[in-house]
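Report on the structure
Chain by chain, the residues run as shown.
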Amino acid sequence: MDARVGKMQGPIELEAAVAAPNYAPLPVVLERGEGSWLWDADGKRYLDFMSAYSAVSHGHAHPRLVRALVEQAQRVAVTSRAYHSTELAPFLAKLVEVADLDGEARALPASGGCESVETAIKAARRWGYRAKGIDPGRAEIVVARGNFHGRSTTVVGFSSEDDYRADFGPFAPGFRHFDFGDITGLAEAIDENTCAVLIEPIQGEAGIVTPPPGFLRAARELCTERNVLLIVDEIQSGLGRTGAWFAYMHEGIRPDAVIVGKALGGGLLPVSAFVARAPVLDLMGPGSHGSTFGGNPLAARVALEALRVIEDEKLVERSQALGAHLLDRLRQLRSPLVRAVRGRGLWAGVELTPDVSARAIVERLAQRGVLTKDTHGTVIRFAPPLTIRREALDWGLDVFAAVLAEFDPRRAPFHDSGIPHISALAARRNDDVKAATRIERRARQSAHLMMSSPRHFEVSYAINPWMDPSQWSVSADRLADDARRGWAKLMATYERLGARVTAQDPVQGLPDLVFTANAAVVLDRKVLLARFLCEERRGEEPHNRRFFEALRERGFVDEVVDPPPGLFFEGAGDAIWDVSRGLIWTGYGQRSSREVHAAIESLYGVPTVPLELVDPRFYHLDTCFCVLSGGEVLWYPSAFSAESADAVRRVAGAGNLIEATDEDALHLGVNSVCLGRDVVMCHASDATRASLAARGYRVHVVPLDSFNRSGGAAYCLTLRLDNETRAADRGSDSDSDHEREFEQLRRAA
Ligand SMILES: Cc1ncc(COP(=O)(O)O)c(C=O)c1O
């Protein structure tokens, strides 16, 4: 057994068993940190290129900060704001000084960053009513699309990310959106009820997205002209990260208020604050707001020391100089996988092409001793401590360049995402299935998926009613960009859920290759290749054959078989494996021949249920029929002939059927992928969400609009390589934990 597994396995498994699964950490168990370095439980050293999302800008265990922490903890740590303390005022005075707002300013301390965003929202609204004279209850705040300001219900309510919002509503009203960086859009979004514009100067979580030069200055002028507060969230970008104390200083502006957090705690404690011009915060009288731990003596002492260390060690200047070097080196990378490099100071985002999974790169970097993080499936972020030495920075960048070279598509026809650590670890101890922890149950759900990147995706012909090449020709760039983002997010979602993804290279001139579900169906490592009805897709056939042959050579599959002569067959799109019933549902009448079901039965030795498709909009079975892992079937009955609809009812059982709404069907939401209890879909109506939740499923919505315009969505973009009849034979016995868990959830629902 790998020696590292010994010590890492325990904490990872235990965490999976006791911690809510709202994070998907890399398989590294950290034990100690010093400066820019971290050590895992086995003593392996890693360079920290993440700094806990900028919270550790001072480096780990900075001696001055640790000393301040210990001394103050021994004196007095928490008093509450019911009394004064010797520590609070010096801290806030220093903070107000470095924020350098126009005129007198005040600060209101809290702990987590989002708490201070909430303070900002309250203060802005109060200013709107009491100073600007907005009618009661009408105040609005303008926010940018792609924003990230934290996780409270109000704050996720104005996020544009579905993952952050799904099933957490109802949300607070009073927010309007504009496109980040678009000053005209911002001007249009402001009206007489607008009390504030709340923006990040660089959008961190969105992928280190920088606005066009001059945007902040123009936003400042606009806010002044329209009597609106400009509030800048510098929780991640502030305190030297971008090579200035605050990122707004790069444009020489002064906002009305700034929100500070993360590095303010010196990498030791959560400390945040809302700093604003006096006329804003002076309206927050006693009783209006508070926080038990906000501004406590321990936090105040450490935060003051953190600000002084930034000054004394010239961390802002370091960030500027080393940041220029970081960006220079990243921009010099000559990898076909790098699409763009963005950033400022010691804060950079490298956007990769969709041909590679950012998560897989990040996992490989961790194996080679560099810790960083992916965001949105395509961006890798770099935010080392501002104290990092140049040699260490260079070493980390050398490792990054070497890892990109490993994944270079010119060296391999396809690549795999990292084998999810969960399944890797669980596989090492599959001797004890009975004592299954949640991690093992998840491992059993782990899937091996095949995808093909949309590098050459476009709608250039019309072979189904969804396709409209004329639409595509007017907005090709936007649609292609949307496709790329959606696809990357889909891949990242699968990986986050523990699936392994093998990506095949796209081919120019074969835009539909992206719909891998049509390439073949795979069961028990036997591949039944597709034969396309439409001329336009026939070019994919030799390519698919080569790809599956390569998979066979690599030992992923055993046999690659052609469909019988004269028959058409469009792969897993028309052959859906139902593990609960041990059968394959086949679709015919549009693209695949009815008779193909007999070939499937003889190849795999399993029964089939052929279903006739009668609506040309639902031209593959997967567009209107989805089998869930607990045996339920999400379907759209009117896509089927009456006899076939009856067959579905008979075989699936009425109690297992979930009828998709028109809304779902027409957005191709039924075309979804179920991995254990997780259902990945491009659209879910409230009714469908509720039905799935009632049966114990979690819905993950990944919008795939560009692909919808081709008649495809999540299922079409994905081919399962790991379907097994043995899993069906094992049935309820070996999956009993899983089943029990489902049962409990159903009962609870
Ligand atoms: C710009 C921005 N605002 C707010 C927050 C939320 O801070 P916290 O996680 O401390 O609540 C973050 C965290 O990443 C952030 O980057």
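Please read all numbers here as calculations on a predicted model, not as lab measurements.

**Description of the overall build of the protein chain**
Within the protein chain, the regular secondary structure consists of 26 helices and 31 strands. For 749 residues, the compact-globule formula gives about 27 Å, and the C-alpha radius of gyration of the protein chain, at 28 Å, lands near that figure. Dimensions of the protein chain, computed from C-alpha atoms along their principal axes, come out at roughly 85 × 60 × 50 Å. In the protein chain, which comprises 749 residues, the proportion classed as buried is 50%. Counting contacts in the protein chain only where the partners sit at least 6 residues apart, residues at least 24 apart contribute 73% of the total.

**A short note on the site of the ligand**
Near the ligand you find 15 residues, and of these G113, C114, G150, I235 and Q236 are the closest. For the shell around the ligand, the element with the highest residue contribution is helix 5 (residues 113-132), accounting for 3 residues. Looking at the shell around the ligand residue by residue, the class counts come to 5 nonpolar, 7 polar and 3 charged.

**Some words on helix 3 (residues 63-75)**
Here helix 3 is 13 residues long and its end C-alpha atoms lie 18 Å apart, about the 18 Å a rise of 1.5 Å per residue gives. Every buried residue belonging to helix 3 is among L65, A68, L69 and Q72, and all of these are buried. Considered in projection along helix 3, the buried side chains sweep an arc of 100° and stay on one side of the axis. Among the exposed residues of helix 3, those pointing more than 90 degrees away from its buried face are P63, R67, V70, E71 and Q74. In the core, the buried residues of helix 3 are packed alongside helix 11 (297-312).

**Describing the nonpolar core**
Counting 117 residues, the largest nonpolar core has V197, L229, I231, V275 and V302 as the members making the most contacts within it. Among the elements that make up this core, the one with the highest residue count is helix 11 (10 residues). Mapped onto the domain boundaries, this core takes at least three residues apiece from domain 1 (3-61 + 336-416) and domain 2 (76-312). Those residues in contact with L229 that sit more than four places away from it in its chain are A124, W127, C195, A196, C223, D256, A257 and V280. Judged by nonpolar contacts, the second largest core, of 89 residues, contains F457, A519, A714 and L721.

**Side note on the environment of G655**
Within the secondary structure, G655 is located in the loop between helix 21 (642-652) and strand 27 (657-659). Here G655 falls in the exposed class, since 7 other C-beta atoms lie within 10 Å of it.

**Brief notes about the sheet that holds strand 22 (residues 575-578)**
Reading across the sheet, the 3 strands line up as 22-23-24 and stay open at both edges, with mixed pairing between neighbours. Single-partner strands in this sheet number two, and they are strand 22 and strand 24 (608-612). This sheet shows a mean twist of 20° between the axes of neighbouring strands, independent of strand direction. Here strand 23 (residues 583-588) pairs with strand 24 via 5 bridges, running parallel. Bridging across to strand 24, G587 finds its partner in L611.

**Here's the deal with the pairing of strand 23**
Most of strand 23 sits out of view: 6 of its 6 residues are buried. Residues L583, W585 and G587 of strand 23 are buried on one face, and the alternating residues I584, T586 and Y588, pointing to the opposite face, are buried as well. Note that strand 22 and strand 23 share 4 bridges and pair antiparallel. Counted as the bridge partner of W577 is I584 from strand 23. In this structure, the hairpin formed by strand 22 and strand 23 is closed by a connection of 4 residues, where G582 is found at a positive phi of approximately 65°. The parallel pair strand 23 and strand 24, bridged by helix 20 (residues 596-604), forms a crossover whose chirality is right-handed.

**Some words on the domain arrangement of the protein chain**
Domain boundaries assigned for the protein chain yield domain 1 (3-61 + 336-416), domain 2 (76-312) and domain 3 (447-748). Look at where the C-alpha atoms of domain 1 and domain 3 centre, and you get two points 33 Å apart. Tallying the contact residues gives 14 residues for domain 1 and 18 residues for domain 3. Among the elements that line the side of domain 1 that touches domain 3, the one with the most residues is strand 16 (residues 414-416), at 3 residues.

**Let's talk about the confidence of the model for the protein chain**
Across the protein chain, the average pLDDT comes to 90, with 91% of residues at 70 or higher. Contacts of residues 418-445 to residues separated by more than four positions or lying in other chains number 50 contacts, the stretch itself having pLDDT below 50. Every residue in residues 730-735 is under pLDDT 50, and counting partners more than four places away or in other chains gives 3 contacts.

**Looking at the packing of helix 13 (residues 358-367) against helix 14 (residues 390-406)**
Direction vectors running N to C along helix 13 and helix 14 enclose 130°, while the axes themselves pass 10 Å from each other. Considered as vectors, helix 13 and helix 14 are oriented oblique to each other. Handedness of the crossing formed by helix 13 with helix 14: right-handed. Residues I361, R364 and L365 of helix 13 touch helix 14, and the partners they reach there are V399, F400, V403 and E406. Across the contact of helix 13 with helix 14, the residue classes tally to 5 nonpolar, no polar and 2 charged.

**Details of the pairing of strand 8 (residues 229-233)**
With respect to burial, strand 8 is a largely interior element, 5 of its 5 residues being buried. Covered by surrounding structure in strand 8 are L229, I231 and D233 together with L230 and V232, the residues of both alternating faces. In this sheet, strand 8 lies alongside strand 7 (residues 194-199) in parallel orientation, the contact comprising 4 bridges. Bridging from a neighbouring strand, I199 pairs with V232 of strand 8. With respect to chirality, the unit in which strand 7 leads through helix 9 (residues 215-225) into the neighbouring parallel strand 8 is right-handed. Here 3 bridges tie strand 8 to strand 9 (residues 257-260), and the two strands are oriented parallel to one another. Each residue of the ladder has a partner; that of D233, found in strand 9, is I259.

**Description of helix 14**
Compared with the 24 Å implied by 1.5 Å per residue over 17 residues, the 25 Å span of helix 14 between its first and last C-alpha is a close match. Three or more residues of helix 14 are buried, namely L393, G396, L397, F400, V403 and L404. Viewed end-on, helix 14 has its buried residues packed into an arc of 120°, placing them on one side of the element. Facing away from the buried surface of helix 14 by more than 90 degrees, the exposed residues are E391, D398 and A402. Where helix 14 is buried, its residues contact strand 3 (45-48), helix 12 (315-332), helix 13 and strand 13 (370-371).

**Re the packing of helix 12 against helix 14**
Remark: helix 12 packs on helix 14, axes separated minimally by 11 Å, with the N-to-C direction vectors making an angle of 20°. Taken together, the axes of helix 12 and helix 14 lie roughly parallel to each other. Of the two possible hands of crossing, helix 12 and helix 14 adopt the one that is right-handed. Contact residues: helix 12 offers L322, H325, L326 and R329, while helix 14 offers R390, L393 and L397. For the contact of helix 12 with helix 14, the per-class residue count stands at 4 nonpolar, 1 polar and 2 charged.

The rules behind each value
- Residues numbered from 1 in each chain as written.
- Predicted model: local features only at pLDDT ≥ 70, side-chain atom pairs only at ≥ 80, totals over all residues.
- Helix = DSSP H or I, 4+ residues; strand = E, 2+ residues; numbered from the N terminus.
- Rg over C-alpha atoms; globule rule 2.2 N^0.38 Å.
- Buried ≥ 20, exposed ≤ 12 C-beta atoms within 10 Å, placed from the backbone.
- Contact = placed C-beta atoms within 7 Å.
- Near = placed C-beta within 6 Å.
- Nonpolar A, V, L, I, M, F, W, Y, C, P; charged D, E, K, R; others polar.
- Expected span 1.5 Å × (residues − 1).
- Arc of directions from axis to C-beta.
- Core = buried A, V, L, I, M, F, W, Y, C linked by C-beta atoms within 7 Å.
- Domains from an automatic or database assignment.
- Pairing = 2+ DSSP bridges.
- Axes fitted to C-alpha atoms, helices over the stretch in contact; angles between N-to-C directions.
- Right-handed = clockwise from strand over helix to strand, strands pointing away.
- pLDDT = per-residue confidence, 0-100.
- Parallel < 35°, antiparallel > 145°, perpendicular 65-115°, else oblique.
- Left-handed = near helix turned anticlockwise from the far one by under 90°.

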